[in-house]
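Chain by chain, the residues run as shown.
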Amino acid sequence: MDCIFCKIINGEIPSYTIYEDKIVKVFLDVNPMSPGHMLIIPKKHYENLDDINMSTLTHLNVIAKKMHVLLKEKLNIDGMTIVQNNGEVQEVKHYHMHLKPYYKENNGITITQVYEKLMDCKKKNNPE
Ligand code: AMP
Ligand code: ZN
């Protein structure tokens, strides 16, 4: 299957990975709506809300709660919107949750700076 997010999971395409475990991977959106815009995806390919199972869905939400804490602690966000697209409004047909931070004032930092703040490190193997 030619799925860009499966390729990210397999390591064929690089990503700014923020968190992963056996079930999910979290990485920065390559075209962020705001600094820290991230995607949470299941490692198994589910297309959308119709075919994802309940336990995976629950785990994705548990991780969303943890990422919310991380974004507040490391990027001082003032709010956050979660979006999950299905059908005609879904560009990538691999289930994903968008976590979109809101800032009262745009801090204008780059994706590399966001990665370093979230991970408490200097960029090494992640792409520009
Ligand atoms: P949508 O399917 O409309 O909910 O959105 C797909 C999202 O995936 C968009 O926000 C893209 O910027 C993002 N995206 C596409 N390719 C990549 C990639 N290689 N790495 C990170 N994010 C990506
Ligand atoms: Zn996939």
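To be clear, the structure that these remarks concern was listed above.
Structure report, in brief. All residue numbers refer to position in the chain's written sequence, counted from 1. To label them, take the chains in the order written and letter them from A, then take the ligands in the order written and number them from 1. Reporting of local features is limited, given that this is a predicted model, to residues whose pLDDT is at least 70; pairs of side-chain atoms are given and counted only at 80 or more, and all residues count toward the totals for whole chains, interfaces and linings. In computing side-chain values, all of the structure's heavy atoms are included and hydrogens and water are not.

**Here's the deal with the pairing of strand β2 (residues 24–28)**
So the rule is basically this: The buried label applies to any residue whose accessible area, calculated with a 1.4 Å probe on protein chains only, is under 20% of its type's maximum; exposed applies above 50%, and partly exposed to all values in between. Under the DSSP-based scheme used, a helix requires at least four consecutive residues in state H or I and a strand at least two consecutive residues in state E, with every element numbered from the N terminus. The pairing criterion is simple: DSSP has to find at least two bridges between the two strands.
A large share of β2 lies buried, amounting to five of its five residues. Alternating residues of β2 divide into V24, V26 and L28 and K25 and F27, and every residue in both groups is buried. Of the strand pairs in this sheet, strand β1 (residues 17–20) and β2 are connected by three bridges, and their pairing is antiparallel. Paired with Y19 across the strands is V26, a residue of β2.

**Re the site of ligand 1**
Keep this limit in mind: Throughout, near means a residue has at least one heavy atom within 4 Å of the molecule or strand. Whenever a nitrogen or oxygen atom comes within 3.5 Å of another N or O atom, the pair is scored as a polar contact, on the condition that within protein one atom can donate a hydrogen and the other can accept it, and that pairs from neighbouring residues in sequence are kept only if both atoms are in side chains. Methods summary: accessible areas were calculated by the Shrake-Rupley approach with a probe of 1.4 Å, and residue burial reflects only the protein chains presented. Three classes are used, and their members are as follows: Ala, Val, Leu, Ile, Met, Phe, Trp, Tyr, Cys and Pro are nonpolar, Asp, Glu, Lys and Arg are charged, and the others, Gly among them, are polar.
Near ligand 1 you find 16 residues, and of these D29, E91, V92, H96 and H98 are the closest. Between an oxygen atom of ligand 1 and a main-chain N or O atom of E91, the distance comes to 2.7 Å. One of the backbone nitrogen or oxygen atoms of V92 is found 2.8 Å away from an oxygen atom of ligand 1. Here ligand 1 loses 86% of its free accessible area of 500 Å² to cover by the protein chains. Every element with two or more residues in the shell around ligand 1 is listed here: α1 (4–10) and β2. No other element matches the three residues that α1 contributes to the shell around ligand 1. Looking at the shell around ligand 1 residue by residue, the classes come out as nine nonpolar, five polar and two charged.

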